[in-house]
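Inside the fold
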Amino acid sequence: MSDRLNGISVFVTAVEAGSFALAASRLHLSRSAVGKTIARLEQRLAVRLFHRTTRSLSLTDDGALFYERCLRALEEIRTAEMLLESGKQQVNGRLRVSMPVLFGRMCIAPLLTSMAREHPGLELELSFNDRVVDLIEDGFDLAIRNGTLVSSSGLVARRVGDHRMTLCAAPEYLLRSGEPKTFEQLAQHDAVTYMRAGVVLNWTLLDACGKEQEVIPKKGLQMDDLQAIADATVAGFGIAWLPCWLVRESLLKGELVRLMRNRPGMSFDVHAVWPQTPHLPLKVRLAVDTLVSKLPPSLALVEKAL
């Protein structure tokens, strides 16, 4: 039984790491040991879990199904361990968490403050900042990051959910300028774009086949604040590419309209990141487990409502 559980934990780590080499590093094993463990697991299950090439690693359909079930099982085990440990010692002390401004305020902070309410000895300190902080130098216990992670030694990351993006515009703008039906038409429309460090970010969209396409929006109103972009879009300045969780209320009220609904939506992973340590503090584990269990359902409700 222990071998089976070990195989499952290695499999889940390999999926989350995206490569056997990175999984081996996180598990303090050799790449060969990880590969052999996965091979034994595939042999026992009589299915292929991964598509392997020299450059990439991706799940098969069977692998994706198995991953979801394994993740739930491991979460139950971690929750049980946490409950046992919390019975021995109270969760206390200061927990410093860094998170993106709007996503943190709207999606993360409500979950963590609710968690803190159940643990009076926990002193929660939330910092809202869109820059990527240095956890160790800045003294943070945990950080929430959206999108592709930049590899960094000394840190551990865990995927806690994903959020979907949508193209949207005000009815007033669409009445005046028409609704784009193709990426080529989209590139000709007025745009309200996000600017970071003086650079306007292009829109990464999915075509009908689910393949990523980069659209360069027409130069127009440029801002470095997502809420300001959403407000300008509601005011009819043009089309914007924004997170569903940010524009949910405006869409439900009819202030904004989703565009190209027939195309698959682009989504980005959300990770919890913390400094690597031999023994993960209970307060950090509690926060991460809370996000893993509660963030995906809350984001799913946003998308379902749209």
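Within every chain, residues take consecutive numbers counted from 1 along the sequence as written. pLDDT decides what is reported in this predicted model: residues at 70 or higher carry local features, side-chain atom pairs at 80 or more are listed and counted, and totals for whole chains, interfaces and linings draw on all residues regardless. Only hydrogens and water are set aside; all other atoms, that is, all heavy atoms of the structure, feed into the side-chain values.

On to the environment of Glu-75, then. Structurally, Glu-75 can be placed in helix H4 (residues 61-88). Distance in space between the C-alpha atoms of Glu-75 and Leu-201 is 36 Å, their sequence separation being 126 residues. Each helix corresponds to a stretch of at least 4 residues labelled H or I by DSSP, and each strand to a stretch of at least 2 residues labelled E; elements are numbered beginning at the N terminus.

Within the largest apolar cluster, 43 residues are counted, with the highest numbers of intra-cluster contacts made by Phe-103, Ile-144 and Leu-295. In terms of residue count, the dominant contributor to this core is helix H11 (residues 282-305) (nine residues). Residues Ala-14, Val-15, Leu-49 and Tyr-67 belong to the second largest nonpolar core, which totals 20 residues. Here, nonpolar core means buried Ala, Val, Leu, Ile, Met, Phe, Trp, Tyr and Cys residues that are tied together by side-chain atoms lying within 4.5 Å of each other. Burial classes follow relative accessibility: with a 1.4 Å probe on protein chains only, a residue under 20% of its type's maximum area counts as buried, one over 50% as exposed, and anything between as partly exposed.

Each aromatic pair joins two rings of Phe, Tyr and Trp (for Trp, the six-membered one) with centres within 6.5 Å, and gets the label stacked for planes under 30 degrees apart, edge-to-face for over 60, and tilted for any other angle. Inspection of the entire model under this criterion finds six aromatic pairs. Centre to centre, the rings of Phe-11 and Tyr-67 are 6.5 Å apart; their planes meet at 75°, and the pair counts as edge-to-face. Within this pair, whereas Phe-11 is found in helix H1 (residues 2-17), its partner Tyr-67 is found in helix H4, the two being separated by 56 residues in sequence. By the burial criterion, Phe-11 is buried, and Tyr-67 matches it. Arranged with centres 5.7 Å apart and planes meeting at 85°, the rings of Phe-20 and Phe-50 form a pair that is edge-to-face. Placement of the pair is Phe-20 in helix H2 (residues 20-27) and Phe-50 in strand S1 (residues 50-52), with a sequence separation of 30 residues. Owing to a relative accessible area of 7%, Phe-20 belongs among the buried residues under this scheme. Of the residues examined, Phe-50 reaches a relative accessible area of 2% and is grouped as buried. Cluster of aromatic residues (ring-pair linked, three or more members): Phe-11, Phe-20, Phe-50, Phe-66 and Tyr-67.

Attention now moves to the side chain of Lys-283. Note that Lys-283 resides in helix H11. In this tally Asp and Glu are treated as negative and Lys and Arg as positive; neither His nor the chain ends contributes. When a carboxyl oxygen of Asp or Glu is within 4 Å of a side-chain nitrogen of Lys or Arg, the pair counts as a salt bridge. Here Lys-283 sits buried without a salt bridge, and the closest side chain of opposite charge, Asp-141, lies 4.4 Å off (N-O distance). Only heavy atoms enter the contact rule, under which two residues are in contact if any of them lie within 4.5 Å. Those residues within four positions of Lys-283 in sequence are excluded, and the remaining contacts are Val-91, Asn-92, Gly-93, Arg-94, Leu-95, Leu-122 and Asp-141.

Here we come to the pairing of strand S5 (residues 142-146). Most of S5 is tucked away, with four of its five residues classed as buried. DSSP bridges decide pairing: two strands pair if at least two such bridges lie between them. As defined by bridge partners, strand S3 (residues 93-99) adjoins S5 across two bridges and the pair is classed as parallel. Within S5, the position partnered with Ser-98 by the bridge is Ala-143. Where S5 meets strand S14 (residues 267-275), four bridges bridge the pair, whose relative direction is antiparallel.

Looking now at the environment of Leu-41. Locating Leu-41 in the fold gives a position in helix H3 (residues 31-45). In this structure the C-alpha to C-alpha distance between Leu-41 and Leu-29, which are twelve residues apart in sequence, comes to 17 Å.

A few words now on H2. Of the residues making up H2, those classed as buried are Phe-20, Ala-23 and Ala-24. With its buried residues spanning 100° around the axis, H2 presents them on a single face. His-28 lies just past H2 and shows a positive phi near 60°. The arc in question is the one spanned by the directions pointing from the helix axis to the C-beta atoms.

Next up on the list: the state of the cysteines. Cysteine sulfur atoms that come within 2.5 Å of each other are treated as a disulfide pair. What the rule picks out here adds up to zero disulfides. Here Cys-168 stays unpaired: no disulfide links it, and the sulfur of Cys-244, its closest cysteine neighbor, is 8.6 Å away.

Glancing now at helix H5 (residues 101-117). Here the bend at a residue is taken as the angle between two axes, fitted respectively to the seven residues that end there and the seven that start there. The sharpest bend along H5 reaches about 50° and sits at Ile-108, with the proline Pro-110 one to four residues further on. If you check which residues of H5 are buried, you get Leu-102, Phe-103, Gly-104, Cys-107, Ile-108, Ala-109, Leu-111, Leu-112, Met-115 and Ala-116.

The score called pLDDT rates the predictor's confidence residue by residue, from a low of 0 to a high of 100. Summing up the model confidence of the protein chain, the mean pLDDT is 87 and the portion of residues at 70 or higher is 92%. Put simply, H4 is where the protein chain has its lowest mean pLDDT, 76, and helix H7 (residues 171-177) is where it has its highest, 96.

Take the sheet that holds strand S8 (residues 199-200) next. Sheet architecture is open: three strands sit in the order S8-S7-S11, paired in mixed fashion. The two strands at the open ends of the sheet, each matched to only one other strand, are S8 and strand S11 (221-223). Pairing analysis gives three bridges linking strand S7 (residues 192-196) to S11, with the strands arranged parallel. Within S11, the position partnered with Tyr-194 by the bridge is Met-223. Each axis is a line fitted through C-alpha atoms, taken for helices only over the stretch in contact, and angles between the N-to-C directions span 0 to 180 degrees. Most of the contacts of helix H9 (residues 226-234) go to S7, to which it runs at about 165°, and overall it touches S7 and S11.

In this section: the packing of H9 against helix H10 (residues 244-253). Relative to each other, H9 and H10 sit at 25°, their axes nearing to 11 Å. Classified by the angle between their axes, H9 and H10 sit roughly parallel to one another. For H9 against H10, the interelement crossing comes out right-handed. Here H9 contributes Leu-226, Gln-227, Ala-230 and Val-234 to the contact with H10, which in turn contributes Leu-246, Val-247 and Ser-250. A per-class count over the contact of H9 with H10 returns five nonpolar, two polar and no charged. Here roughly perpendicular refers to angles of 65 to 115 degrees, roughly parallel to angles under 35, roughly antiparallel to angles over 145, and oblique to all remaining angles. Helix crossings get a hand from a simple test, with the near helix turned counterclockwise from the far one by less than a right angle marking a left-handed crossing and a clockwise turn marking a right-handed one. Here the term charged refers only to Asp, Glu, Lys and Arg, the term nonpolar to Ala, Val, Leu, Ile, Met, Phe, Trp, Tyr, Cys and Pro, and the term polar to all other amino acids, Gly among them.

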